[in-house]
Every structure is written in structure tokens, then in C-alpha cells.
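Given next are the chains, with one letter for each unit.
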Amino acid sequence: MLLSLLHKTMFCGCRIATKGIQRSNQSPQLRQWLVKRSQSTITTNAQVSVQAAAATSVPNAASNLIVGRWLLGCSGLVVGAIVLGGVTRLTESGLSMVDWHLVREMKPPRSQAEWEAEFSKYQQFPEFKILNHDMTLPEFKFIFYMEWGHRMWGRLVGLAYILPTMYFWRKGYFTRSMKGKVLGLCGFVVFQGLLGWYMVKSGLEEKPESYDIPRVSQYRLSAHLGSALLLYCASLWTGLTLLLPPHKLTETHRLMQLRRFAKGTGGLVFLTALSGAFVAGLDAGLVYNSFPKMGERWIPDDLLAFSPTLKNVFENPTTVQFDHRILGISSLTAITGLYLFSRRMLLPRRAKVAISLLTAMAYTQVALGVSTLLMYVPTALAATHQSGSVALLSLAIWVLAELRKMPK
């Protein structure tokens, strides 16, 4: 009896529980709650999946394209600064602004009183006293605007590097290695601006023991140009490696030789461009205006006139021009050899185009240099020659980017 009663009780309880569950499932409010709950769970999971995918895809190909184009744009602005700086040097305008202020000098003089006050400051320094003592106010305005434009362009370059860096950093466009590179580029921009003012100061100093015309130190000028070229090369190289996928080249012995040859040639082109700063700093282009001989000789008599001997390399205008000639001819020879060596190899079309353009530009640059020398350094031709050195360096970097190894 007891077992039969217990069995009936358990059977009835199970039926009641089953009916309760069925009734609860038939409740419309409960069904709506369950549907909303499942939808919210699916949405949350989808959002988490999208966020995870975004986190793993940034930086990606799209962000690399954006960063690469930005760096190419920055390198273009650096080229503008180099060309404008060369024109400023050729027109002897670099010492017209005798002080330096980061923000205050961004507004040039407007009124007659402001111009006269600025001209009065310029008259207190050696360039006016020795070289431009008969300069008029309109002539001063020209050289002032040349230097002012160069400085404002430098500030534009700084903003073009620093502001996008901050934005891209927050957006997560940089890898860990790229963060170090862009921080280095931004720091170098700041260093370049400070170095420019340090260079200008050397031309504002009184030198009672010297009877030469006032000019900036050729050492500081070459450091200023050299740092600008380094900034340009680093920006261009980084931008090209982001935009141009590396070629799948078979690592043969000849390819390794070609790659080393290209690196050496690029270094020689850079050294030749840097030696041009010493030519400009000492006005060495006006010493011997003949080619291929220097005057009546292949090797001039005053090549080693200074003592000690090493001083001639950096301070003797004759030696500086002679060295620049040798470096230019050596660069042309090396680029010609690179072209001939590459023609005997199977290379991608893009690499062949880059080497061919490098060779054509090398011969053009030598022709510009010789013409500038024979015509006694006219401003337009000399500025074109300086721009040609940057173009030649750009093509050398492009060649190196095309021949680079596949990342492991």
C-alpha cells in the first residue's frame, strides 16, 4: 500500500510540473523576454568579434597605404625646404633675419615703422656693414622675405610630421617598430630647426681678424644640409617600403653583388650632394670656371696651399671644388657601372626602370654642374643643379627599395 501511494504521488507531481512548464512557455511575455535576451546576446557577441577583428587588422594594408603616402608627402615638403634653402643661400638672403622666435616671427613686418625697425636691426650686423652698406629698404625686403619664407616652410614641415603622427598614433596605425621610426623623424625635424638657427648665428658674429665677406660656417651649413638630406632619405625609404611590395627575387650571388653595388653607389651620391654644401659655403664655384681642367692644369697649384694639409679639404675653396668634381665623376662612373651590370640580369620591370632613370639623371646632373660652373654660377641654374642632386638621391633610394630583401 505504501509503495503504491508513493508511486501515484510521484506520477501526479511530474504531470503537474510538465503542465506548468508548458503553460509558462505559452506565456507571450516570457517568449518576448527570451527573444530579446537571445538577440542582445548575439549582438554583444558580434560586437566583440568585430572589435577583436579590428584589433588584429590595425595596422593593416589600408593603414600602411595611408602612412606611406603621408611619409612621401612629408619627404616632398623636405625637398621644398632644401630647394628654398639653396635659393636663399644663392641670393645671400640667409642673414637678413637677425633673431629667432618660434611664434612671434611668423608675422612679418607690415607697417613702414616695423620695416624700418627690422632694417635697423640688420644694419648692426657684419653683412650690412661690409657687404650691403648701400642697400635700400626695398632691397632689404626682398632678402627678408626669402629668409622668412624659408623659415615658415620649415615650420610647415614640422607640423606635417608632428600633427599626423599624433593622429595616426591614436588611431593605432603604427606597429611597434614604426612608432620608433616616426618618433625619430619628428625628433629630427626639431633638431633640424635648431641646427638652422645655429648655422645662421655663425654668420652674424663679428670677426675682426677676418677680411672676408660675412658668411655662415661651411661646417654648420653642411651639417644643416646633411641633416635635411638624412631626414628626406629616411622618410622616402620608409614610405616606399610601405607602398611598394618587395619582389620575390632569387637570392643568387650576382643579386647580392648588385645589391651591395647599389648601396655603395647610393652612399657615393649622398656624399657628393653633401660636398656641394662646402662648395656653396665657401663660394668655391667661382674659383675655377673651366672644365675639365682647372685653369690651365689638371691639378691646380694651390690645391694644398693651407697648413695643416687636412685643412684644405674643408676650408680651401680650390680643394673643395676639386673634391666635388672628383666625387661627381665618381658617382657618374659608379651609376654607369651599375646600369651595365644590371642589364645582364633578370630583374623585375620596375627595378629596371628605376636603374635606367637613375642613369639618365646622373648624366643630366653632371651636365647641369658643368654648365653652372662655366656660366659663373647663375642663381637659376645653380638652384636647378642643387635640385638635381636631390632627384638623383631619390632615384638611388628607389633602386635600393626595389632590390631589398623579402622580410622573413
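Worth saying up front: this structure is predicted, and the values here are computed from it rather than measured.

Criteria and cut-off values
What you see as residue numbers is a count from 1 along each chain, following the sequence as written. Two thresholds apply to this predicted model, a pLDDT of at least 70 for residue-level local features and 80 or more for giving and counting side-chain atom pairs, whereas whole-chain, interface and lining totals are computed over all residues. Side-chain calculation: all heavy atoms of the structure are included, whereas hydrogens and water are not. Secondary structure counts use DSSP, requiring at least four H or I residues in a row for a helix and at least two E residues in a row for a strand, with both numbered from the N terminus. Multiplying 1.5 Å by the residue count of a helix minus one yields the expected span of that helix. Here's how the labels work: a residue is buried when its accessible area is under 20% of the maximum for its type, exposed when over 50%, partly exposed in between, all with a 1.4 Å probe on protein chains only. Polar contact criterion, stated in full: a pair of N or O atoms within 3.5 Å, where within protein one must be able to donate a hydrogen and the other to accept it, and residues adjacent in sequence count only if both atoms are side-chain atoms. Whether two residues are in contact is decided by their heavy atoms: any pair within 4.5 Å suffices. Any residue with relative accessible area above 30% and no salt bridge may belong to a patch, with like charges joined within 9 Å and the nonpolar Val, Leu, Ile, Met, Phe, Trp and Tyr side chains within 5 Å. Residue exposure ignores everything except the shown protein chains as possible cover, and the areas themselves are Shrake-Rupley values with a 1.4 Å probe. Here, a salt bridge means any Lys or Arg side-chain nitrogen found within 4 Å of an Asp or Glu carboxyl oxygen.

**Describing helix α13 (residues 379-403)**
Then step 1. Compared with an ideal rise of 1.5 Å per residue, which puts 25 residues at 36 Å, α13 spans 37 Å between its outermost C-alpha atoms and is within 8% of the ideal.
Then step 2. Of all 25 residues making up α13, 18 are buried, and the element is well covered by its neighbours.

**Topic: unusual backbone geometry**
Then step 1. Omega for the peptide link from F291 to P292 comes to 5°, which places this bond in the cis form.
Then step 2. Position of P292 among the secondary structure elements: in the loop between α9 (253-281) and α10 (311-315).
Then step 3. The residue after S307, namely P308, is reached through a cis peptide bond having omega 0°.
Then step 4. Note that P308 resides in the loop between α9 and α10.
Then step 5. Unusually for a residue other than glycine, E92 sits at a positive phi of about 55°.
Then step 6. Within the element layout of this structure, E92 appears in the loop between α3 (61-90) and α4 (112-122).
Then step 7. The exposure class of E92 is partly exposed, given its relative accessible area of 35%.

**Considering the side chain of T165**
Then step 1. The topology assignment puts T165 in helix α6 (residues 137-171).
Then step 2. We classify T165 as buried; its relative accessible area is 5%.
Then step 3. Among the polar contacts made by the side chain of T165, one reaches the main-chain carbonyl oxygen of Y161 at a distance of 2.6 Å.
Then step 4. With near-sequence residues (within four places) excluded, T165 lies in contact with W70, F174, V182 and C186.

**Quick word on a nonpolar patch on the surface**
Then step 1. A cluster of nonpolar side chains, contributed by L159, I162, L163, M166, V190 and L194, occupies part of the molecular surface with about 560 Å² of accessible area.
Then step 2. Looking at the nonpolar patch, the elements with two or more residues in it are α6 and α7 (176-204).
Then step 3. At 4 residues, the largest contribution of residues to the nonpolar patch is made by α6.
Then step 4. Looking at where I162 falls in the secondary structure, it is placed in helix α6.

**Topic: the pattern of salt bridges**
Then step 1. Within the structure shown, the criterion is met by 12 salt bridges.
Then step 2. Among the ionic pairs, D283 bridges to R215, the shortest N-O distance being 2.8 Å. Separated by 68 residues along the polypeptide, D283 in the loop between α9 and α10 and R215 in the loop between α7 and α8 (218-243) bring together distant segments of the chain.
Then step 3. Residue D283 is classed as partly exposed on the basis of its relative accessible area, which comes to 24%.
Then step 4. In this structure, the salt-bridge partner of E315 is K311, at a minimum N-O distance of 3.8 Å.

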